[in-house]
Amino acid sequence: MLKRVSRGLGHTAKQAQKIHLKVDVEKLDNLPAAVKKCRVVWSRGPKVQMTNIKDVTKGAVNFKQQLSQIATMYRDAKGGFEPKDYKFQVQVPAKGDETKLITVGKADLDLSVFAVVLGQPQSKLVPIMFKVGAASTGYLKLLITAEAVAGDVDEDGMTEVSGMTGVAHMIEEQDLSGFNEEAEDADKFSLKASLKPSPAAAGSAGRKNSRFAAGATTAAAAADEAKSWEAKSPGPGSRRGSDA
């Protein structure tokens, strides 16, 4: 509470504007193979919004769900807004206890840049670094709309928490045991200078490396598809139909 008051006092000389942020969580691509279902959590401090938990199909999830929050933005000297970072997290049910949610990837995003153009949906592709098995990057597709809020609005009162399951377990860093099958499999095929692999082991390793190569190809395809999606969608400061 004191932190919020002190932060507010520091902005008293600056022009404040209430902004209604709407975030359409479209799709999450290139999820690790160990992740079978997940949700996306959007938060800043105690204010939290989240999608429903959905099943993963071929490394991807289509959420098609809109989240929203009210934010206070402060004008900077150039007429824009001061940075306002929000956190996006990917959470999965804990092994053996689906009432607990584990964060397996996250990213920060400054949403103040989307408030420059009001009322226009703007696309954003957010890279998510996963910490499950081998290092990998997922791509979170968002469509963000900022709208001015008239009158005196209670910021916290207008911020509803959706997808209440697991709110009590919103811990950023948790034990990821049970979600590292790929890493454990990779260790089985790590090269050791003191050992010469048998023909059977070599064949098994070759098949495993083929799967890793296929995974890399899939990841590259997901990255290309994600970038193509963002290129075709309006970004911050652009307007729909501008090419017409």
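Residues numbered from 1 in each chain as written. Predicted model: local features only at pLDDT ≥ 70, side-chain atom pairs only at ≥ 80, totals over all residues. Heavy atoms only, no water.

Here we look at the overall build of the protein chain
Part 1 of the argument: Each helix and strand in the protein chain was counted, giving three helices and nine strands.
Part 2 of the argument: Ordered by position from N to C terminus, the α and β elements of the protein chain give α-β-β-β-β-β-β-β-β-β-α-α.
Part 3 of the argument: Looking at the protein chain as a whole, 41% of its 244 residues are labelled buried.
Part 4 of the argument: Long-range pairs, those at least 24 residues apart, make up 70% of the contacts in the protein chain between residues at least 6 apart in sequence.
Part 5 of the argument: Taken as a whole, the protein chain presents about 13500 Å² of accessible surface, with 54% of it coming from carbon and sulfur. (Helix = DSSP H or I, 4+ residues; strand = E, 2+ residues; numbered from the N terminus. Buried < 20%, exposed > 50% of the residue type's maximum accessible area, 1.4 Å probe, protein only. Contact = heavy atoms within 4.5 Å. Areas by Shrake-Rupley, 256 points an atom, 1.4 Å probe, with all protein chains shown as cover.)

Structural notes on the nonpolar core
Taken as a class, soluble globular proteins show a tendency for nonpolar side chains to be buried jointly.
Part 1 of the argument: Residues Leu21, Leu31, Cys38, Leu140 and Leu142 are the most contacted members of the largest nonpolar core, which totals 38 residues.
Part 2 of the argument: Setting aside residues up to four positions removed in sequence, Leu140 forms contacts with Val25, Lys27, Leu28, Val40, Phe88, Lys124, Leu125, Val126 and Ile128. (Core = buried A, V, L, I, M, F, W, Y, C linked by side-chain atoms within 4.5 Å.)

Quick look at the packing of aromatic side chains
Part 1 of the argument: Applying the stated criterion across every chain yields a total of two aromatic pairs.
Part 2 of the argument: Geometrically, the ring pair formed by Trp42 and Tyr86 is tilted, given 5.7 Å between the ring centres and 45° between the ring planes. Of this pair, Trp42 sits in strand S2 (residues 37–44) while Tyr86 sits in strand S6 (residues 85–94), and the two are 44 residues apart along the sequence.
Part 3 of the argument: Classification of Trp42 by relative accessible area gives buried; the value is 0%.
Part 4 of the argument: Accessibility expressed as a relative area gives 1% for Tyr86, which makes it buried.
Part 5 of the argument: Taken together, a centroid distance of 6.1 Å and an interplanar angle of 5° make the contact between Trp42 and Phe88 stacked. With a gap of 46 residues between them, Trp42 in strand S2 and Phe88 in strand S6 connect regions that are remote in the sequence. Comparing Trp42 with Phe88 shows no difference in burial state: the two are buried.
Part 6 of the argument: Members of the aromatic cluster, joined through ring pairs, are Trp42, Tyr86 and Phe88.
Part 7 of the argument: Sitting over the face of the ring of Tyr86, Arg44 holds its NZ or CZ atom 5.8 Å from the ring centroid. (Phe/Tyr/Trp six-rings, centres within 6.5 Å; stacked < 30°, edge-to-face > 60°. Lys NZ or Arg CZ within 6 Å of the ring centre and 35° of its normal.)

Digging into the confidence of the model for the protein chain
Regions with low pLDDT carry predicted coordinates that are not meant to be interpreted in detail.
Part 1 of the argument: Scored by pLDDT, the protein chain comes out at a mean of 73, with 56% of its residues at no less than 70.
Part 2 of the argument: Under a pLDDT of 50 for its full length, residues 156–160 has, in the predicted model, nine contacts with residues more than four places off or in other chains. (pLDDT = per-residue confidence, 0-100.)

Digging into the environment of Gly105
Part 1 of the argument: Among the structural elements, Gly105 can be located in strand S7 (residues 97–110).
Part 2 of the argument: Residues Gly105 and Met129 lie 24 residues apart in sequence; the distance between their C-alpha atoms is 5.4 Å.
Part 3 of the argument: Once residues lying within four places of it in the same chain are set aside, the contact partners of Gly105 are Phe88, Gln89, Val90, Ile128, Met129 and Phe130.

Concerning the pattern of salt bridges
Two side chains of opposite charge can pair, provided their charged atoms sit close to one another.
Part 1 of the argument: Across all of its chains, the model carries six salt bridges by this definition.
Part 2 of the argument: The salt bridge partner of Asp29 is Lys141, with a shortest N-O separation of 3.3 Å. With a gap of 112 residues between them, Asp29 in strand S1 (residues 16–29) and Lys141 in strand S9 (residues 136–148) connect regions that are remote in the sequence.
Part 3 of the argument: Residue classification places Lys141 among the buried residues on the basis of a relative accessible area of 3%.
Part 4 of the argument: In this structure, a network of salt bridges that share partners links the residues Lys27, Asp29 and Lys141. (Salt bridge = Lys/Arg side-chain N within 4 Å of Asp/Glu carboxyl O.)

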